[in-house]
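Residue strings, one per chain:
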Amino acid sequence: MTTNQQTAKRKPGTPGPFSRWLQRTMNARTSRKIHAGRDKMMSMDVLVLQTVGRRSGEPRETPLAWFPDGDNAWLVVASGGGSQHPDWHANLMAHPTQATITFAGGTPLPVTPTPLEGPTRTEAWHRITTTQPRLAKYQSKSPRQYPVIRLTPR
């Protein structure tokens, strides 16, 4: 199959083969840094989210920025992915009982994901964008509302 045929079959606004390869490569590199003890990227606190592929059943790791939500919960935002939610979000929602997170240099912690909606999401989104205004800028350019997910220990 040629690149033009692949592009023709791809939904508009979804990443192409090179973009997906680059994202996987950079995610793997960033995950290694977090596992080795690095706790910030681009001035944001980061963690590694471990999920299971919704179709493949294979383990997946995604580095994500996180925001505190009380003493024992964390918020993550599904901002990547173009015109659709990123793959990690679909994997997390398909297999929520298999999700874990790892903080810098730590061990995996099983978590329960809860998508926030309504006033709870609005309040959390305000706190997130007050801390990181760039997310509000990214959101303003997207046709979809970014999901905000609360992760709590199981």
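This structure is a prediction, so every number in the text was calculated from the model and none was measured.

Parameters and conventions
- Residues numbered from 1 in each chain as written.
- Predicted model: local features only at pLDDT ≥ 70, side-chain atom pairs only at ≥ 80, totals over all residues.
- Heavy atoms only, no water.
- Buried < 20%, exposed > 50% of the residue type's maximum accessible area, 1.4 Å probe, protein only.
- Helix = DSSP H or I, 4+ residues; strand = E, 2+ residues; numbered from the N terminus.
- Arc of directions from axis to C-beta.
- Contact = heavy atoms within 4.5 Å.
- Pairing = 2+ DSSP bridges.
- 1 Å grid on protein atoms, 1.4 Å probe; cavity = no way out; pocket = protein on both sides within 12 Å on 5 of 7 lines; lining within 4 Å.
- Points joined across faces, edges and corners; volume = space filled by probe spheres on them.
- Salt bridge = Lys/Arg side-chain N within 4 Å of Asp/Glu carboxyl O.

Topic: helix H3 (residues 87–94)
Residues Trp88, His89, Asn91 and Leu92 constitute the buried set of H3. Along H3, the residues classed as buried sweep out an arc of 165° about the axis, all on the same side. Tucked inside the fold, the buried residues of H3 contact strand E2 (44–52), strand E3 (59–65), strand E5 (74–77), strand E7 (109–115) and strand E8 (148–153).

Notes on the pairing of E7
As paired elements, strand E6 (residues 100–103) and E7 share 2 bridges and run antiparallel to each other. In the strand pairing of E7, isoleucine 101 is matched with leucine 109. Counting the residues in the hairpin turn of E6 and E7 gives 5 residues, including glycine 105, whose phi is positive at 70°. The pairing of E7 with E8 spans 5 bridges and is antiparallel. Residue pairing in the sheet places proline 113 in a bridge with leucine 151 of E8.

Some details on unusual backbone geometry
For methionine 42, which is not a glycine, the phi torsion comes out positive at approximately 50°. Note that methionine 42 resides in the loop between strand E1 (40–41) and E2. Residue serine 43 is not a glycine yet carries a positive backbone phi of 65°.

Some details on the layout of surface pockets
Here the largest pocket defines a volume of roughly 1600 Å³. Those elements giving two or more residues to the lining of the largest pocket turn out to be helix H2 (17–35), E2, E3, H3 and helix H5 (133–140). Per-element tally for the lining of the largest pocket: the top contributor is H2, with 10 residues.

Considerations on the pattern of salt bridges
All chains considered together, the criterion is met by 5 salt bridges. The partner of aspartate 69 in a salt bridge is arginine 150, and the shortest N-O contact between them spans 2.4 Å. Taken together, the residues aspartate 69 in the loop between strand E4 (67–68) and E5 and arginine 150 in strand E8 connect sequence positions 81 residues apart. You can call aspartate 69 buried: its relative accessible area is 12%. Arginine 150 sits in the partly exposed class, given a relative accessible area of 23%. With its nearest N and O atoms 2.7 Å apart, the salt bridge here joins glutamate 123 to arginine 127. Linking glutamate 123 with arginine 127, this pair stays in helix H4 (residues 118–131), spanning 4 residues, or about one helical turn. The class for arginine 127 is partly exposed, based on a relative accessible area of 29%. Via salt bridges that share partners, Asp69, Glu123, Arg127 and Arg150 belong to a single interconnected network.

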